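The residues making up each chain are set out below.
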Amino acid sequence: MIGLFLWGSLSLAEPTPLEQTKALSMKLLGEAAKEKALEKAAIQGMISYLDSTLGLGASQLMTEKEKDRYLSYQLGIRDGYGLSVGFIERRGLLIEDVFVDGAAMASGIEYGDLVVALNDHPFTGRTIAEMKALLNQPYEGKGHFDVLRRGKLRRFTVKRSLYRVRNITQEDRFVRINFFGQGAAKELRKIIEESPKEYLILDLRDNEGGLLSEVEKVAGFFLGARTIGYRQYIEGKREQVRSIPSEFMYEKPIYLMTNKGTSAAAELFVSALLYSKRAIVVGERTAGKAAEYHFYPLNSDLFLHIADVELLHLGETSWKGKGIEPSVVVRSATILPSTRSVDVQLETIFQLMKR
């Protein structure tokens with residue numbers, strides 16, 4: 001009896017609820033069960049709980065390959081057709097830029113083309129959201145673009161491939177900052193120095209952010225060495241984000257254009273110039289994404305990509321979930337009966353200059 005009692009007292013502890021759920025999932029799934037997949041799902045569930053509690057952003061569990069792809073994205077490398085489009089609701093996609101060495105340029109698609117159908121799916125009558133969904137589908141790596149060019153319909157087949165997005169694009173009347181990728185500050189400085197004007201209009205519409213180090217350099221062109229915002233860590237620590245001073249300083253009037261696609265690090269740039277009263281912002285409220293992410297390795301192939309830092313205004317308040325309100329609120333472009341559109345945000349800026 002004593003021996004039996006001792007054996008019972010030394011028995012292994014009962015499995016945890018997590019272990020029990022894993023065992024039950026393995027049993028119910030049978031041959032379809034994959035232990036690593038279940039572990040990843042459990043980790044992702046914990047990450048989702050972390051995100052819902054902190055409310056900073058969407059964290060992810062990544063493989064090493066996915067991590068490398070993300071870091072390449074931050075440097076401006078994309079996988080896609082290699083073009084930039086404007087959405088003309090119920091009409092189609094207006095080609096606004098064709099990237100050098102991208103698949104679209106190789107296929108013959110040109111600036112100003114109107115894409116009226118993709119893979120035999122017409123854009124006519126579709127909302128912007130529906131057009132975006134069609135554009136983002138992989139279609140086994142290829143896309144058949146039906147293009148209206150100077151009144152004639154043509155078809156181009158474009159194979160998705162890697163290309164580098166242009167950080168900065170110089171337009172006739174303004175400069176577009178597409179992304180704060182590596183080298184963005186150097187490119188912008190060159191354009192400003194070679195095209196001196198009595199004003200500077202920077203287009204940050206649909207700018208998804210990029211490298212905070214590039215934002216700090218660009219802000220330095222307009223603000224010198226100043227605090228441009230704050231980092232708020234989840235542990236409670238707060239630190240200043242400062243612009244990087246440069247011997248080049250631009251002191252003439254600045255106007256910024258924003259929309260719902262202006263996000264993350266790009267929002268910090270807008271905030272810095274707006275709060276410093278260095279620029280007039282025209283357009284729509286920004287995306288409201290104020291998180292910085294960091295990688296935490298779990299093993300040689302798995303990494304946690306966690307939103308663990310919140311970016312703040314100079315006033316030490318957050319734009320998270322709210323976005324940044326422009327100085328002058330102007331909704332997106334008004335569409336004319338032709339394939340061209342009137343950029344009402346840009347035209348508003350020129351009206352402001354006359355006052």
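Quick note: structure is the one above.
Below, the structure is looked at part by part.

1. Considering the pairing of strand 15 (residues 254-258)
Line of reasoning, step 1. Counting buried positions along strand 15 gives 5 out of 5 residues, so the element sits mostly inside the fold.
Line of reasoning, step 2. The alternating pattern of strand 15 places Ile-254, Leu-256 and Thr-258 on one face and Tyr-255 and Met-257 on the opposite face, and all of these are buried.
Line of reasoning, step 3. Here 4 bridges tie strand 12 (residues 200-203) to strand 15, and the two strands are oriented parallel to one another. Bridge assignment links Asp-203 to a residue of strand 15, and that residue is Met-257.
Line of reasoning, step 4. Two elements, strand 15 and strand 16 (residues 280-283), share 4 bridges in a ladder whose sense is parallel. Residue pairing for strand 16: Tyr-255 is matched across the bridge by Ile-280.
Line of reasoning, step 5. Crossover connection from strand 15 via helix 9 (residues 265-275) to parallel strand 16: handedness right-handed.

2. Focus: the pairing of strand 4 (residues 92-98)
Line of reasoning, step 1. Where burial is concerned, most of strand 4 is hidden: 6 out of the 7 residues are buried.
Line of reasoning, step 2. Where strand 3 (residues 83-88) meets strand 4, 6 bridges bridge the pair, whose relative direction is antiparallel. Counterpart to Val-85 in the pairing with strand 4 is Ile-95.
Line of reasoning, step 3. In sequence, strand 3 turns back onto strand 4 through a hairpin of 3 residues, with Arg-90 there showing a positive phi of about 65°.
Line of reasoning, step 4. Relative to strand 5 (residues 114-118), strand 4 runs antiparallel, the two being bridged by 2 bridges. By the bridge assignment for strand 5, Leu-93 is matched with Val-115.

3. Examining the nonpolar core
One recurring pattern in soluble globular proteins is that nonpolar side chains are buried together.
Line of reasoning, step 1. Counting 39 residues, the largest nonpolar core has Phe-180, Leu-188, Leu-202, Phe-222, Leu-256, Phe-269 and Leu-273 as its most contacted members.
Line of reasoning, step 2. Of all the elements in the fold, those that place two or more residues in this core are strand 11 (175-177), helix 7 (184-194), strand 12, helix 8 (212-223), strand 15 and helix 9.
Line of reasoning, step 3. Looking at this core element by element, the count peaks at 8 residues for helix 9.
Line of reasoning, step 4. Leave out the neighbours within four places in its chain, and Leu-188 touches Ile-168, Val-175, Ile-177, Leu-202, Val-218 and Phe-222.
Line of reasoning, step 5. Val-98, Ala-104, Ile-109 and Phe-156 belong to the second-largest nonpolar core, a separate cluster that totals 19 residues.

4. As for the pattern of salt bridges
Line of reasoning, step 1. A complete count under the given rule lists 22 salt bridges for this structure.
Line of reasoning, step 2. Between Arg-176 and Asp-203 there is a salt bridge, with its nearest N and O atoms 2.8 Å apart. One end of the pair, Arg-176, is in strand 11; the other, Asp-203, is in strand 12, and 27 residues separate them in sequence. Pair check on accessibility: Arg-176 and Asp-203 agree, each one buried.
Line of reasoning, step 3. Between Arg-231 and Glu-292 there is a salt bridge; the shortest N-O distance is 2.5 Å. Of this pair, Arg-231 sits in strand 13 (residues 227-233) while Glu-292 sits in strand 17 (residues 291-297), and the two are 61 residues apart along the sequence.

5. Considering helix 9
Line of reasoning, step 1. Across the 11 residues of helix 9, 10 count as buried, placing the element largely inside the fold.
Line of reasoning, step 2. For helix 9, every residue scored as buried is listed here: Ala-265, Ala-266, Glu-267, Leu-268, Phe-269, Val-270, Ser-271, Ala-272, Leu-273 and Leu-274.
Line of reasoning, step 3. Phi for Lys-277, located one or two positions after helix 9, is positive at around 55°.

6. Re the packing of helix 7 against helix 8
Line of reasoning, step 1. Relative to each other, helix 7 and helix 8 sit at 30°, their axes nearing to 8 Å. Taken as axis vectors, helix 7 and helix 8 run roughly parallel relative to one another. Contacts between helix 7 and helix 8 pair Ala-184, Ala-185, Leu-188, Arg-189 and Ile-192 from the former with Glu-214, Lys-217, Val-218, Phe-221 and Phe-222 from the latter.

7. Description of the packing of aromatic side chains
Line of reasoning, step 1. This model, assessed by the stated rule, comprises 10 aromatic pairs.
Line of reasoning, step 2. Consider the rings of Tyr-81 and Phe-145, whose centres lie 5.0 Å apart with planes at 90°: the pair is edge-to-face. With a gap of 64 residues between them, Tyr-81 in the loop between strand 2 (77-80) and strand 3 and Phe-145 in strand 7 (residues 142-149) connect regions that are remote in the sequence. By the burial criterion, Tyr-81 is buried, and Phe-145 matches it.
Line of reasoning, step 3. When the centroid spacing of 5.3 Å and the interplanar angle of 80° are considered together, the rings of Phe-221 and Phe-248 count as edge-to-face. Residue Phe-221 is located in helix 8, and its partner Phe-248 is located in the loop between strand 14 (238-242) and strand 15; the two are separated by 27 residues in the primary sequence.
Line of reasoning, step 4. Owing to a relative accessible area of 5%, Phe-221 belongs among the buried residues under this scheme.
Line of reasoning, step 5. Clustering of aromatic rings is evident, with ring pairs tying together Phe-180, Phe-221, Phe-222, Phe-248, Tyr-250 and Phe-269.
Line of reasoning, step 6. Just above the ring of Phe-179 sits the side chain of Arg-78; from NZ or CZ to the centre is 4.5 Å.

Rules behind the numbers
- Residues numbered from 1 in each chain as written.
- Predicted model: local features only at pLDDT ≥ 70, side-chain atom pairs only at ≥ 80, totals over all residues.
- Heavy atoms only, no water.
- Buried < 20%, exposed > 50% of the residue type's maximum accessible area, 1.4 Å probe, protein only.
- Helix = DSSP H or I, 4+ residues; strand = E, 2+ residues; numbered from the N terminus.
- Pairing = 2+ DSSP bridges.
- Right-handed = clockwise from strand over helix to strand, strands pointing away.
- Core = buried A, V, L, I, M, F, W, Y, C linked by side-chain atoms within 4.5 Å.
- Contact = heavy atoms within 4.5 Å.
- Salt bridge = Lys/Arg side-chain N within 4 Å of Asp/Glu carboxyl O.
- Axes fitted to C-alpha atoms, helices over the stretch in contact; angles between N-to-C directions.
- Parallel < 35°, antiparallel > 145°, perpendicular 65-115°, else oblique.
- Phe/Tyr/Trp six-rings, centres within 6.5 Å; stacked < 30°, edge-to-face > 60°.
- Lys NZ or Arg CZ within 6 Å of the ring centre and 35° of its normal.

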